[in-house]
Amino acid sequence: GQQLNQSPQSMFIQEGEDVSMNCTSSSIFNTWLWYKQDPGEGPVLLIALYKAGELTSNGRLTAQFGITRKDSFLNISASIPSDVGIYFCAGQPATSGTYKYIFGTGTRLKVLA
Amino acid sequence: NAGVMQNPRHLVRRRGQEARLRCSPVKGHSHVYWYRQLPEEGLKFMVYLQKENIIDESGMPKERFSAEFPKEGPSILRIQQVVRGDSAAYFCASSPVSQRNQPQHFGDGTRLSIL
């Protein structure tokens, strides 16, 4: 089946640092979503991207839909302790006949105060 | 969590028993998706339903698993004769319309443990 490669798998950073993570696929996607999941909870939608090249911000978060439509990037600026969690990308394949999303394996972020 | 309600939050079953997981979508949403998440992994699509119809069940095992979304009431994911490998977190998501590009809003999941 289709897979999304998400990297890095985990990150330890100092409070105040910027964070970058990305998702890549071998096939074209129509939509990219970025979610954050805290322990014991469901994923919460952070940013949705709908067009190639689109750059969207949500507070300290910025995400981009890659020009090739095969990748997406999420940046977090000036990280704070509450940014800790697992970040998932999710993409909707262009060839999908239905509206399911494929999820990446997650980037586990830990922020050191 | 965006209004999707799942219950129970935790479910413990013995091998061979049945597990029934419920999902009430956001009010007004008529599309429901079920995902499974194993520890330290991402979410894996199982099934997509609209009211009274299964649209895509390509991610759901053919045996023991079934899903429904009746005209009235919550969506139900049913696992018969559970085995240890069914232990996972099961998440439900909903979206409002049948257009592409609609983001999905998730519930807080049901954590199923098989003894």
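Everything discussed here concerns the structure shown above.
What counts, and at which threshold
Residues numbered from 1 in each chain as written. Chains lettered and ligands numbered in written order. Predicted model: local features only at pLDDT ≥ 70, side-chain atom pairs only at ≥ 80, totals over all residues. Heavy atoms only, no water. Helix = DSSP H or I, 4+ residues; strand = E, 2+ residues; numbered from the N terminus. Rg over C-alpha atoms; globule rule 2.2 N^0.38 Å. Buried < 20%, exposed > 50% of the residue type's maximum accessible area, 1.4 Å probe, protein only. Contact = heavy atoms within 4.5 Å. Areas by Shrake-Rupley, 256 points an atom, 1.4 Å probe, with all protein chains shown as cover. Pairing = 2+ DSSP bridges. Axes fitted to C-alpha atoms, helices over the stretch in contact; angles between N-to-C directions. Disulfide = S-S within 2.5 Å.

Section: the overall build of chain B
So, point 1. Of the regular secondary structure elements, chain B holds 0 helices and 11 strands.
So, point 2. What you see for chain B is a C-alpha radius of gyration of 13 Å, in line with the 13 Å of a compact globule of 115 residues.
So, point 3. Judged by the C-alpha coordinates and their principal axes, chain B covers about 40 × 25 × 25 Å.
So, point 4. Across the 115 residues that make up chain B, the buried fraction comes to 43%.
So, point 5. By sequence separation, contacts in chain B at least 24 residues apart represent 53% of the contacts at least 6 residues apart.
So, point 6. Approximately 5,700 Å² of chain B is accessible, and the part contributed by carbon and sulfur atoms is 46%.

Section: unusual backbone geometry
So, point 1. Residue A:Pro8 is reached from A:Ser7 by a cis peptide bond, and omega for that bond is -5°.
So, point 2. Relative to the helices and strands, A:Pro8 is located in the loop between strand S1 (4–7) and strand S2 (10–14).
So, point 3. Along the chain, B:Asn7 connects to B:Pro8 via a cis peptide bond; the corresponding omega equals 0°.
So, point 4. Note that B:Pro8 resides in the loop between strand S1 (5–7) and strand S2 (10–13).
So, point 5. Its identity is not glycine, yet A:Arg69 carries a phi of approximately 70°, on the positive side.
So, point 6. Note on placement: A:Arg69 falls in the loop between strand S7 (61–65) and strand S8 (71–76).
So, point 7. Taking relative accessible area as the criterion, A:Arg69 reaches 30% and is therefore assigned partly exposed.
So, point 8. Located in the positive-phi region is B:Gln81, a residue other than glycine, with phi close to 45°.
So, point 9. With respect to the secondary-structure elements, B:Gln81 resides in the loop between strand S8 (75–79) and strand S9 (88–95).

Some details on the sheet that holds strand S6 (residues 55–58) of chain A
Adjacent strands of a sheet form backbone hydrogen bonds with each other and so pair up, either parallel or antiparallel.
All names here are of chain A.
So, point 1. The antiparallel open sheet is built from 5 strands, whose spatial order is S1-S3-S8-S7-S6. Edge positions in the sheet fall to S1 and S6, since each of these pairs with one other strand and no more. Here the strands of the sheet are splayed against their neighbours by 15° on average, with no regard to which way each runs.
So, point 2. By the bridge criterion, 4 bridges tie S6 to S7 in an arrangement that is antiparallel. If you follow asparagine 58 over to S7, its bridge partner there is leucine 61.

Quick look at the environment of B:Gly73
Residue and element names in this part refer to chain B.
So, point 1. Structurally, glycine 73 can be placed in the loop between strand S7 (65–68) and S8.
So, point 2. Given a relative accessible area of 39%, glycine 73 falls into the partly exposed group.
So, point 3. In sequence terms glycine 73 and valine 32 are 41 residues apart; their C-alpha atoms lie 12 Å from each other.

Looking at the sheet that holds S8(B)
All names here are of chain B.
So, point 1. Ordered in space as S1-S3-S8-S7, the 4 strands form an open sheet in which the pairing is antiparallel. Each end of this open sheet is capped by a strand with a single partner; those strands are S1 and S7. Strand-to-strand twist across the sheet, computed as the mean angle between neighbouring axes with direction ignored, equals 15°.
So, point 2. In this sheet, S8 lies alongside S7 in antiparallel orientation, the contact comprising 4 bridges. By the bridge assignment for S8, glutamate 68 is matched with isoleucine 76.

Points about the state of the cysteines
So, point 1. If you walk through the whole model with that rule in mind, you get 2 disulfides over all chains.
So, point 2. Across the disulfide from A:Cys23 sits A:Cys89; the S-S distance is 1.5 Å. Separated by 66 residues along the polypeptide, A:Cys23 in strand S3 (residues 19–25) and A:Cys89 in strand S9 (residues 85–93) bring together distant segments of the chain.
So, point 3. Disulfide pairing is shown between B:Cys23 and B:Cys92; the S-S distance is 1.8 Å. Here the disulfide of B:Cys23 and B:Cys92 is left-handed, its torsion about the S-S bond being about -55°. In this pair, B:Cys23 sits in strand S3 (residues 19–24) while B:Cys92 sits in strand S9, placing the two residues 69 residues apart along the sequence.
So, point 4. Judged by relative accessible area, B:Cys23 falls into the buried class, the value being 0%.
So, point 5. Taking relative accessible area as the criterion, B:Cys92 reaches 0% and is therefore assigned buried.

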